[in-house]
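This is what each chain is made of:
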Amino acid sequence: MGSWVEVASLEELARRKRKLVVVGTQQIGLFLIGGTVYAVSDVCVHKQRSLTKGTVLNGQIICPGHQWAFDPQTGRAADREECQPTYDVRIEQGAVFVNPSPRALTSEER
Amino acid sequence: MTESVIIVGAGQTAAVAARTLRRRGLGGRITVVGEEAVRPYQRPPLSKDYLSGREGEDGLWLLTEDWCDRNEVGLRLGAHVRKVHRGSRSVELADGTLLEADALLVATGTRPRRLPGVEGERVRYLRTLADANRLGADLRPGAHVLVIGAGFIGAEVASTARELGASVTVLERADHPLGHVLGRRMGEVCAALQREHGVDLRTGETVEKYMETADAAVVTTTAGRAIEADVVVIAVGVVPNVEPLIGSGVELNNGVVVDEHCRTGVAGVFAAGDVARHYHPLFERHLRVEHFDNANGQGMAAAKNILGERIAYTAPHWFWSDQFGRNLQHVGHGHGCDEIVVRGQADSFDFTAFYLHNGVLRAAFAVDRGGDIAVARQMISARAMPDPAGLRDENVDLADLSAATH
Ligand SMILES: Cc1cc2nc3c(=O)[nH]c(=O)nc-3n(C[C@H](O)[C@H](O)[C@H](O)COP(=O)(O)OP(=O)(O)OC[C@H]3O[C@@H](n4cnc5c(N)ncnc54)[C@H](O)[C@@H]3O)c2cc1C
Ligand code: FES
């Protein structure tokens, strides 16, 4: 764990705006929102529906299961305690890399 | 200034309102009075994962003891409010206790409608945790379950019963289920979903006569058929719990009538959730709906208005139903719509239906397409007039279409 993995090309994300990738045992959703790539666990903390099957509205990821709205940066669900794991993303020469260890939230994000 | 609040009823609406009142700085007493003996809990799992046994009780609870202690919210459980006194903000409990406060929030919800003449040891309703515990014990492999009413609760019970290996017959009085919400075409899709999962759904047929023998319930239907079952679940809609308000001066009409701010006509008396018939500014009429999200949204709005803010509740109604391995969602109010546009494949239960009235999007119904519902919800709020061809065309991104119609 902890080593960066190449998971997609920026070009492909620009076209589809979201993509489900599998890294080891983890299902990770990539989202291109307002020019930034975010990586969030694809498996909803609520009832395990797939976030990449949902949509992005007003900068939030909306789960298709029961419309929980997640902040793509922090993974925090709007008006709730629950939090979706997020991952660090790095872009290099048009390739998207993900660090498969879930991020710890910084104190401002908490 | 409002210092103290009594909430009548201790369900979803009450829990959200109590939390909002404290979070927004109400300093005085909050008393929540509920007639059930158990602490407030969520109902949606009672027909789904809790009923099937896949989930336990732990995830159901709403206002924990710890939270109530820390936030000084007084929960009076097992206490029935008999009467809200006329022109005042005081309530009388069944044991004669009088409680008074600066504001009252009526959040008494609904109860299942009874079917006259259908009574006995094998008759079940589903509203409370106690109901779910009792019914859960009946849903065994090989059992025969007869469900009366093919609405959302009836369908979810049928789904869970099938999942647990029971055989299921459903009687629906109308000639297709859910017509009043979804219209005929989508009602037929829901019927097909039930039948595909082995439910013996009989439409245009209901109970004529009910009796019990030593080892079965026997229902004679209006089509003259006799159906034997181990247990009979009645799911034919609900009745709002307005009785404590009779004679209080608050207007009652299929629920407690409130304006867009959840205010009744009596100063200091508010209502929200399943029991409230709320004036919805978007649809320009009073509507009473029985959805989880509405309970949350109105509970929050009522609390803010109690605190003196003037916040109208304007969100289009939204609900989901999980049944037969599918996720159904509906948003808005489709009554009177003149056009339905389908995106995707209704036959294979992977689609969204958009309901338009004079070109304005008013409602949407989706199976396994919750993402579309999020976009539709935004368009409905904006009274958008999306291009029907774009709605239908799967190559058009809905979010882009929505942005283009704003
Ligand atoms: C089995 C089931 C499944 C559901 N599934 C879904 C779903 O999938 N999606 C969805 O959107 N919605 C669903 N719902 C609907 C949702 O649960 C309700 O909309 C929600 O519970 C309404 O909250 P409420 O607080 O207004 O009413 P309630 O939750 O009914 O709470 C009202 C409380 O007030 C108490 N009370 C009533 N009268 C008095 C009195 N005089 N004195 C004291 N206490 C009183 C009642 O005992 C009750 O505990 C489901 C409901 C049920 C029953
Ligand atoms: S599964 Fe994501 S909101 Fe319920």
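What counts and what doesn't
Residues numbered from 1 in each chain as written. Chains lettered and ligands numbered in written order. Predicted model: local features only at pLDDT ≥ 70, side-chain atom pairs only at ≥ 80, totals over all residues. Heavy atoms only, no water. Near = heavy atom within 4 Å. Polar contact = N/O pair within 3.5 Å; in protein donor to acceptor, adjacent residues only side chain to side chain. Areas by Shrake-Rupley, 256 points an atom, 1.4 Å probe, with all protein chains shown as cover. Helix = DSSP H or I, 4+ residues; strand = E, 2+ residues; numbered from the N terminus. Domains from an automatic or database assignment. Contact = heavy atoms within 4.5 Å. Buried area = accessible area lost by both parts, 1.4 Å probe. Salt bridge = Lys/Arg side-chain N within 4 Å of Asp/Glu carboxyl O. Nonpolar A, V, L, I, M, F, W, Y, C, P; charged D, E, K, R; others polar. Pairing = 2+ DSSP bridges.

As recorded in an unreviewed UniProt entry, chain B goes by the name Pyridine nucleotide-disulfide oxidoreductase, listed as coming from Sinosporangium siamense.

J.: In this structure, what is going on with the site of ligand 1? I would like to understand it.
T.: All names here are of chain B. As a structural note, the neighbourhood of ligand 1 is formed by 33 residues, with Glu 36, Arg 43, Lys 48, Arg 127 and Asp 274 the closest of them. Contact between ligand 1 and Thr 13: an oxygen atom at 2.8 Å from a side-chain N or O atom of the residue. For ligand 1, an oxygen atom lies 3.3 Å from a polar atom in the backbone of His 291. Isolated, ligand 1 exposes 1000 Å² of accessible area, and the fraction of that covered by the protein chains is 95%. Of all elements in the fold, only helix 1 (12-23), helix 5 (152-163), helix 7 (292-306) and strand 22 (318-323) reach the threshold of two or more residues within the shell around ligand 1. Shared between two domains, the shell around ligand 1 takes at least three residues from each, and those domains are domain 1 (5-111 + 238-306) and domain 2 (114-234).

J.: Is there a simple way to explain the interface of chain B and chain A in this structure?
T.: Note on interface size: it is often stated as the accessible area lost on association of the parts. With 17 residues of chain B at the interface, the matching set in chain A holds 14 residues. Carbon and sulfur atoms supply 45% of the area that chain B and chain A bury against each other, a total of about 1200 Å² over both sides. Area buried by chain B at its contact with chain A is led by B:Gly371, B:Ala374 and B:Gln378, which between them contribute 30% of it. Inspection of the chain B/chain A interface yields four salt bridges. B:Asp49 is the salt-bridge partner of A:Lys47, the closest N and O atoms lying 3.6 Å from each other. Looking at the side of chain B that touches chain A, the elements that each hand over two or more residues are strand 22, strand 23 (326-332), helix 8 (370-381) and helix 10 (398-405) of chain B. It is helix 8 of chain B that contributes the most residues to the side of chain B that touches chain A, seven residues altogether. In terms of residue class, the side of chain B that touches chain A is built from six nonpolar, five polar and six charged.

J.: Just to check I follow, could you spell out the sheet that holds strand 4 (residues 36-41) of chain A for this structure?
T.: Whenever strands of a sheet pair, they do so through backbone hydrogen bonds, lying parallel or antiparallel. Residues and elements named next belong to chain A. Strand order in this open sheet of four strands is 2-3-4-8, and the pairing throughout is antiparallel. Bordering the open sheet on either side are strand 2 (18-23) and strand 8 (86-87), each of which pairs with just one other strand. One ladder, built from six bridges, connects strand 2 with strand 3 (residues 26-33); its direction is antiparallel. Looking across to strand 3, one finds that Lys 19 is bridged to Leu 30.

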